[in-house]
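# Fold and geometry: a report
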Amino acid sequence: MTNSKVEERLNQAGYVLPAAPAPQGSYVPVVVAGSVAYCSGVLPMLDGALVAKGRLGVDITVDEARKGAELAALGILANLKAAIGDLDKVARVARLGGFVASSPDFTDQPEVINAASDLMVLAFGEDGRHSRAAVGVAVLPRGVAVELEATFILK
Amino acid sequence: MTNSKVEERLNQAGYVLPAAPAPQGSYVPVVVAGSVAYCSGVLPMLDGALVAKGRLGVDITVDEARKGAELAALGILANLKAAIGDLDKVARVARLGGFVASSPDFTDQPEVINAASDLMVLAFGEDGRHSRAAVGVAVLPRGVAVELEATFILK
Amino acid sequence: MTNSKVEERLNQAGYVLPAAPAPQGSYVPVVVAGSVAYCSGVLPMLDGALVAKGRLGVDITVDEARKGAELAALGILANLKAAIGDLDKVARVARLGGFVASSPDFTDQPEVINAASDLMVLAFGEDGRHSRAAVGVAVLPRGVAVELEATFILK
């Protein structure tokens with residue numbers, strides 16, 4: 001079993017990689033093409049169940065959604081590990097796409113997605129500093145508050 | 001005229017590539033950079049007219065939107081063929097982005113976008129298995145229910 | 001100080017690159033990986049302040065939002081220049097992602113994002129012709145009407 005430096009950093013901070021979440025449709029969690037890993041959108045899951053349901057500004061708080069963003073980030077890392085075997089093979093987190101289910105008057109999407117961004121920096125250090133787009137969408141699959149997708153550069 | 005294996009598979013399943021849809025703005029349908037083809041967002045068209053209008057949860061059914069997703073996927077393949085000449089040059093479908101115009105209580109975006117994903121697998125087999133993000137947006141250009149964008153890896 | 005051809009073209013058309021806008025969260029404006037530059041989502045800013053606030057179909061006009069799209073495009077170019085030193089190093093604008101905060105009955109997102117697309121073509125000529133996806137989202141960070149992200153290919 002691989003005990004990578006990336007996972008050690010996560011574990012020391014109290015995070016544990018979950019089982020790689022099953023896709024919510026007809027697609028695969030990760031496509032590796034050359035040195036680029038394209039990671040599918042991931043919803044927040046805890047112990048195999050979807051969590052962080054609701055819409056910001058309506059029925060979920062920023063703190064609850066931030067926890068969901070962290071869980072989605074961990075889900076992406078779990079998928080990536082399953083695909084490439086070892087998170088230490090990551091050279092750089094290239095891009096994070098963050099979708100936040102929001103009522104029209106909620107405009108703090110960055111604060112929600114920051115929780116995912118911070119986790120990437122915790123995991124990968126300077127190599128975890130990424131480009132990002134965060135937007136507020138009407139609704140997300142299964143009614144969750146956050147969906148994350150990511151692109152990684154591999155060594 | 002090219003009669004590629006990819007198109008044969010589509011034709012045998014009853015699908016026909018449409019004429020490459022015209023962009024809905026100041027952009028080009030496909031940019032090829034090295035081995036990566038970036039394909040613009042495509043709306044569902046049939047015989048040159050936009051179809052599958054409406055929002056999920058309001059005035060279009062999942063089945064109607066799934067048909068729209070298939071048509072958008074065919075539009076992407078038509079654009080890609082026009083750009084690279086032959087769909088057999090595709091090495092892998094890297095990523096599909098699916099946007100579904102949704103009311104806040106519609107949460108089955110994956111079921112809609114699955115129709116596009118399944119078409120990619122039908123066309124390209126194992127090489128058609130892709131990463132994906134599907135989200136529910138407030139509204140899409142021209143009032144359609146589905147927009148798809150895609151990234152392909154070329155041989 | 002670099003006086004690139006790209007900036008000359010922009011200046012002659014009356015546009016000035018702003019100071020590179022600060023990220024609205026825990027991320028970096030640009031990640032360069034090999035020949036690809038991934039540029040973070042940028043909001044419209046003028047003289048350091050967010051502008052073009054509102055939602056299309058509610059409280060901002062298409063013309064105002066188009067001006068916001070131009071400012072966001074200039075912000076992306078400012079970020080890219082800060083990252084790579086000289087915009088003449090751009091080989092191609094590969095992809096533009098345009099998010100337009102919209103009420104459910106506003107369907108002219110392409111007209112808004114066209115202003116950003118046209119600016120890219122003005123700056124880079126034929127190399128500025130890009131793939132694009134434009135969608136209408138419920139709300140954007142800080143309440144702005146437009147957010148743009150981009151991917152560039154470098155020489």
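Being a predicted model, the structure only gives us computed values, none of them experimental. (Residues numbered from 1 in each chain as written. Chains lettered and ligands numbered in written order. Predicted model: local features only at pLDDT ≥ 70, side-chain atom pairs only at ≥ 80, totals over all residues.)

This next bit is on the overall build of chain A. For chain A, the count of helices and strands is 3 helices and 7 strands. For chain A, the N- to C-terminal ordering of α and β elements is α-β-β-β-β-α-β-α-β-β. For 155 residues, the compact-globule estimate of 2.2 N^0.38 gives 15 Å, and the C-alpha radius of gyration of chain A, at 15 Å, lies within 12% of that figure. Seen through its C-alpha atoms, chain A measures out along the principal axes to roughly 45 × 30 × 25 Å. A burial count over chain A gives 60% of its 155 residues as buried. (Helix = DSSP H or I, 4+ residues; strand = E, 2+ residues; numbered from the N terminus. Rg over C-alpha atoms; globule rule 2.2 N^0.38 Å. Buried ≥ 20, exposed ≤ 12 C-beta atoms within 10 Å, placed from the backbone.)

The next thing to look at is the nonpolar core. Formed by 162 residues in total, the largest nonpolar core has its most connected members in V100 and V137 of chain A, V100 and V137 of chain B together with V100 and V137 of chain C. With residues up to four places along the chain from it excluded, the contact list for V100 of chain B reads L56, A65, Q109, V112, I113, A134, G136, V137, A145 and V146 of chain B. (Core = buried A, V, L, I, M, F, W, Y, C linked by C-beta atoms within 7 Å. Contact = placed C-beta atoms within 7 Å.)

With that out of the way, let us pick up the relation of the copies chain C and chain B. Expressed as a screw operation, the relation of chain C to chain B combines 0.0 Å of axial shift with a rotation of 120°, fitting to an RMSD of 0.0 Å. What the rotation and shift describe, once combined, is the action of a three-fold rotation axis. Different-surface contact between copies: only 8% of interface residues of chain C are shared with the interface of chain B. (Least-squares fit on C-alpha atoms with pLDDT ≥ 70 in both.)

So, about the relation of the copies chain B and chain A. Screw-axis analysis of chain B against chain A gives a translation of 0.0 Å along the axis, an RMSD of 0.0 Å, and a rotation angle of 120°. When the interface residues of chain B are mapped onto chain A, a mere 8% of them are again interface residues, pointing to distinct binding faces.

Listed as interface residues are 25 residues of chain B and, on the opposing side, 24 residues of chain A. Going through the elements one at a time, β5 (90-101), α3 (109-124) and β6 (131-137) of chain B are the ones with two or more residues in the side of chain B that touches chain A. Of the residues that constitute the side of chain B that touches chain A, the class distribution is 12 nonpolar, 8 polar and 5 charged. (Nonpolar A, V, L, I, M, F, W, Y, C, P; charged D, E, K, R; others polar.)

Chain C puts 25 residues into the contact, and the matching count from chain B is 24 residues. Of all the elements in the fold, those that place two or more residues in the side of chain C that touches chain B are β5 (90-101), α3 (109-124) and β6 (131-137) of chain C.

A few words on the sheet that holds strand β1 (residues 30-33) of chain B. Residues and elements named next belong to chain B. Pairing is mixed across the open sheet formed by 5 strands, whose spatial order is β1-β2-β7-β5-β6. Only two strands of the sheet have a single neighbouring strand rather than two, namely β1 and β6. With direction set aside, neighbouring strand axes in the sheet form an average angle of 10°. Sheet topology note: the β5/β6 ladder contains 7 bridges and is parallel. Paired with F99 across the two strands is V135, which belongs to β6. Sheet contacts for helix α2 (residues 62-84): β1, β2 (36-42), β5 and β7 (146-154); angle to β7, the most-contacted strand, approximately 40°. Against the sheet, α3 touches β5, β6 and β7, its axis set at about 160° to β5. (Pairing = 2+ DSSP bridges. Axes fitted to C-alpha atoms, helices over the stretch in contact; angles between N-to-C directions.)

Glancing now at the sheet that holds strand β6 (residues 131-137) of chain A. The strands that make up a sheet are held in pairs by hydrogen bonds between backbone atoms, and each pair lies either parallel or antiparallel. Residue and element names in this part refer to chain A. In space, the 5 strands of this open sheet follow the order β1-β2-β7-β5-β6, with mixed pairing throughout. Sheet topology places β1 (30-33) and β6 at the edges, where each strand pairs with a single neighbour. Taking each pair of neighbouring strands and ignoring which way they run, the sheet shows an average axis angle of 10°. Relative to the sheet, helix α2 (residues 62-84) contacts β1, β2 (36-42), β5 (90-101) and β7 (146-154), its axis offset from that of β7 by approximately 40°.

It is worth spelling out the pairing of β1 of chain A at this point. Put simply, side chains in a regular strand alternate between the two faces of the sheet. Bridge analysis of β1 of chain A against β2 of chain A gives 4 bridges, and the strand direction is antiparallel. Each residue of the ladder has a partner; that of V30 of chain A, found in β2 of chain A, is C39 of chain A.

All right, on to the packing of α2 of chain A against helix α3 (residues 109-124) of chain A then. Residues and elements named next belong to chain A. Interaxial distance between α2 and α3 falls to 7 Å at its minimum, and their mutual angle equals 40°. Our classification of the angle between α2 and α3 gives oblique. Note that α2 runs across α3; the crossing there is right-handed. Here α2 contributes V62, A65, R66, A69, E70, A72, A73 and L77 to the contact with α3, which in turn contributes E111, V112, I113, A115, A116, L119, M120 and A123. Each residue belonging to the contact of α2 with α3 can be placed in one class, and the counts come to 13 nonpolar, no polar and 3 charged. (Parallel < 35°, antiparallel > 145°, perpendicular 65-115°, else oblique. Left-handed = near helix turned anticlockwise from the far one by under 90°.)

Counting all residues, the mean pLDDT for chain A is 96, and 98% of those residues have values of 70 or more. Interface predicted TM-score (ipTM) for the complex: 0.95; the corresponding pTM is 0.97. (pLDDT = per-residue confidence, 0-100.)

Glancing now at the environment of A145 of chain A. Residue and element names in this part refer to chain A. By secondary structure assignment, the location of A145 is in the loop between β6 and β7. Separated by 55 residues in the primary sequence, A145 and V90 place their C-alpha atoms 28 Å from one another. With near-sequence residues (within four places) excluded, A145 lies in contact with A52, K53, G54, R55, L56, I60, A65, G68, V100 and A101.

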